[in-house]
Amino acid sequence: MFSYLTQPPFRFSPGKGDPYQTRLSEWVEQTYQPGETYDFAIIGVPLSKSSISFSGAHSHPGQFRQLLQNFTTYNMDEDIDLAELRAVDLGDVAMHITDIAVCQKNIEEALDEVTRQVSALPVIVGGDHSITYRAIAGIHRAKPQRIGLIHFDAHLDVRDTEYGGTSNGTPMRSLIETGTLRGEDMVTIGLRSFANSREYRQYAEDKGMTLVTANQVRKRGIEEVVESALRKLEETCDAIYATFDVDVMDQSVVPGVPAIGPAGLASVDLFYAAQRLGQSRKVIAMDMVCVDPTRDLRDISSRVALHLFLHFATGYAQRK
């Protein structure tokens, strides 16, 4: 059915244990039905060979699925039950065992194929941050339009590709230099000191990117920062893609990310942002990247990433 997607090695479906509550593992459908309309299409991208630092982020899609049995579909704060929406797990993008370039090509092909064939908003579970470039490229190829990007990250991700090739440190630069996105249509939120360089900051600013540091978020408030980003991109872009590099959060919140660091954002800030972005009718896809279950503690970071999706889904329910 899909040329570049494979079934995940494991699925976790414990079955119905309590008739009065629905677990996420019961909610997410395991079989895609052609022609059916869904709200979310979950796609795993188990790639971390392209990470600058050691990363076991290829394990994240599997851990994400395993945790579906631990949580329910009901958001008590908003009195919204996600069971009223439809989500389907399309499986994982096929990965080559050694060839990173083939892996990256497969990501683009898979998202092109899914965008053309599936009526659903892609929810992409990485993998390292290199996957974002190819995911957006695939979506843009299938449906050419002006796409804006709201990017939560401690890092600029505009490294020069001549030094190490395409990696998790280069997706924003790759998007700009291939003409897939315009620099002025990219907003990066949560940047940390001692995690970037002056030269790469200058590159980003020269390309028109909007940069907001973690400290600026604390001073301005996450609500104002997110609203400003949405106002800017909703006015100029046809669609918006949201990418969450989980290392944007403080190391005390997400110990299982390759690039942990202090003075990051709080989980509640990111949950607010995810829900608000879910409400925007122009947001067409989202991803969560750079979670390494092999270095995590009691699945803390994986649980945070899953809740980013759940808050985004809550916003999407409010959109509908």
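*Asks:* Run through unusual backbone geometry, naming residues and quoting values.
*Replies:* The peptide bond linking Gly126 to Gly127 adopts the cis configuration, its omega dihedral lying at 15°. By secondary structure assignment, the location of Gly127 is in the loop between strand S7 (119-126) and helix H4 (130-142). The phi torsion at Cys290 lies on the positive side, around 65°, for a residue other than glycine. Positionally, Cys290 belongs in the loop between strand S12 (283-289) and helix H10 (300-319). Using a relative accessible area of 5% as the deciding quantity, one classes Cys290 as buried.

*Asks:* Outline the nonpolar core, supporting the account with residue identities and numerical values.
*Replies:* Residues Phe40, Phe152, Leu277 and Phe309 are the most contacted members of the largest nonpolar core, which totals 58 residues. Per element, the largest residue contribution to this core is nine residues, and it comes from H10. Leu277 has contacts with Ile150, Phe152, Val226, Leu230, Ala242, Phe244, Val283, Phe312 and Arg319, leaving out every residue within four places of it along the chain.

*Asks:* Account for the pattern of salt bridges, with residues named and values stated.
*Replies:* Considering all chains together, one arrives at 17 salt bridges under this definition. With a shortest N-O distance of 2.8 Å, Asp39 and Lys320 are connected by a salt bridge. Residue Asp39 is located in strand S3 (residues 37-45), and its partner Lys320 is located in the segment after H10; the two are separated by 281 residues in the primary sequence. Of the residues examined, Asp39 reaches a relative accessible area of 7% and is grouped as buried. Two residues, Glu177 and Arg173, come together in a salt bridge whose shortest N-O distance is 3.1 Å. With Glu177 and Arg173 both in helix H5 (residues 171-177), this residue pair falls four residues apart, about one helical turn. For Arg173, a relative accessible area of 11% translates into the label buried. Linked by salt bridges that have partners in common, Lys105, Glu108, Glu109, Asp112, Arg116, Arg134 and Arg141 make up one network.

*Asks:* Please provide a residue-by-residue account of the packing of helix H8 (residues 222-236) against helix H9 (residues 267-279), values included.
*Replies:* Contact pair H8 / H9: the axes reach a minimum separation of 10 Å and the direction vectors enclose 30°. In terms of axis orientation, H8 runs roughly parallel to H9. Between H8 and H9 lies a crossing whose hand is right-handed. Counting all contacts with H8, which are made through Ile222, Glu223, Val226, Glu227 and Leu230, the residues of H9 involved are Asp269, Tyr272, Ala273, Arg276 and Leu277.

*Asks:* Tell me about the environment of Ser53, and name the residues and values.
*Replies:* Among the structural elements, Ser53 can be located in the loop between S3 and helix H2 (60-67). The spacing of Ser53 and Ser25 is 28 residues in sequence and 32 Å in space, taken between C-alpha atoms.

*Asks:* Describe in detail the environment of Lys49, supporting the description with residues and values.
*Replies:* Counting through the fold element by element, Lys49 comes out in the loop between S3 and H2. On the basis of relative accessibility, which here comes to 43%, the residue Lys49 falls in the partly exposed class. Remark: the alpha-carbon pair of Lys49 and Thr98, spanning 49 residues in sequence, is separated by 8.4 Å. Setting aside anything within four residues of it in sequence, one finds Lys49 in contact with His96, Ile97, Thr98, Ile100 and Asp128. A polar contact is formed between the side chain of Lys49 and the backbone oxygen of Ile97, at a distance of 3.3 Å.

*Asks:* Hey, could you go over the packing of aromatic side chains for me, with residue numbers and the actual values?
*Replies:* Summed over all chains, the structure comprises eight aromatic pairs. Centroid distance Trp27 to Phe309: 6.2 Å. Interplanar angle 15°. Geometry classified as stacked. Of this pair, Trp27 sits in helix H1 (residues 24-27) while Phe309 sits in helix H10, placing them 282 residues apart in sequence. With a centroid separation of 4.8 Å and an interplanar angle of 55°, the aromatic rings of Phe40 and Tyr316 are classed as tilted. Of the two residues, Phe40 sits in strand S3 while Tyr316 sits in helix H10, which places them 276 residues apart along the sequence. Linked through ring pairs, Trp27, Phe40, Phe64, Phe309 and Tyr316 together constitute an aromatic cluster.

*Asks:* Talk me through H10; I want residue IDs and the actual numbers.
*Replies:* Compared with an ideal rise of 1.5 Å per residue, which puts 20 residues at 28 Å, H10 spans 29 Å between its outermost C-alpha atoms and is within 8% of the ideal. The element H10 is extensively covered by neighbouring structure, given that 15 of its 20 residues are classed as buried.

*Asks:* Break down the side chain of Arg192 for me, with residues and values.
*Replies:* Relative to the assigned elements, Arg192 resides in the loop between strand S9 (186-191) and helix H6 (198-206). Within the buried core, Arg192 has no salt-bridge partner, and the shortest N-O distance to an opposite charge, that of Asp247, equals 5.1 Å. One polar contact links the side chain of Arg192 to the main-chain carbonyl oxygen of Ala259, over a distance of 3.5 Å. Every residue in contact with Arg192, bar those within four places of it in the chain, is listed here: Ala154, Ala214, Asp247, Val248, Met249, Ala259, Ile260, Gly261, Pro262, Ala263 and Gly264.

*Asks:* Explain the pairing of strand S6 (residues 87-93) to me, and be specific about the residues and the numbers.
*Replies:* In terms of residue burial, S6 counts as a mostly covered element, since seven of its seven residues are buried. Pairing analysis gives two bridges linking strand S1 (residues 5-6) to S6, with the strands arranged antiparallel. Across the sheet, residue Thr6 finds its bridge partner in S6, namely Asp92. Judged from the two bridges that link them, strand S2 (residues 28-29) and S6 form a sheet pairing that is parallel. Note on S6: the bridge partner recorded for Glu29 is Val88. Inspection of the sheet shows S3 paired to S6 by five bridges, in the parallel sense. By the bridge assignment, Gly44 is partnered in S6 with Asp92.

About the criteria used
In this convention, every chain numbers its residues from 1, walking through the sequence in written order. Reporting in this predicted model follows two pLDDT cut-offs: at least 70 for local features of residues, and 80 or more for side-chain atom pairs to be given and counted; totals over whole chains, interfaces and linings ignore these cut-offs and use all residues. Side-chain measures were taken over the full set of non-hydrogen atoms in the model, leaving aside hydrogen atoms and water. Secondary structure counts use DSSP, requiring at least four H or I residues in a row for a helix and at least two E residues in a row for a strand, with both numbered from the N terminus. Burial classification: accessible surface area is computed with a 1.4 Å probe over protein chains only, and a residue below 20% of its type maximum counts as buried, one above 50% as exposed, and the rest as partly exposed. What makes a nonpolar core is a set of buried Ala, Val, Leu, Ile, Met, Phe, Trp, Tyr and Cys residues whose side-chain atoms join them at distances within 4.5 Å. A contact between two residues is defined here by any heavy atoms of the two lying within 4.5 Å. Salt-bridge detection follows one rule: a side-chain nitrogen of Lys or Arg within 4 Å of a carboxyl oxygen of Asp or Glu. Here, axes are lines fitted to C-alpha atoms. For helices the fit covers the stretch in contact, and angles between N-to-C directions go from 0 to 180 degrees. For classification purposes, an angle smaller than 35 degrees is called roughly parallel, one larger than 145 roughly antiparallel, one from 65 to 115 roughly perpendicular, and anything else oblique. Each crossing is labelled by how the near helix is turned from the far one, with a counterclockwise turn of less than a right angle marking it left-handed and a clockwise turn marking it right-handed. The term polar contact refers here to a pair of N or O atoms within 3.5 Å; inside protein, the definition further demands a hydrogen-donor-capable atom paired with an acceptor-capable atom, and it admits residues adjacent in sequence only when both atoms are side-chain atoms. Here a pair means two rings of Phe, Tyr or Trp (six-membered ring of Trp) with centres within 6.5 Å. Their orientation is stacked below 30 degrees between planes, edge-to-face above 60, and tilted elsewhere. How far a helix is expected to stretch is found by multiplying one less than its residue total by 1.5 Å. Positive charges come from Lys and Arg, negative ones from Asp and Glu, while His and the chain ends are left out of the count. Paired strands, in this sense, are two strands between which DSSP finds at least two bridges.

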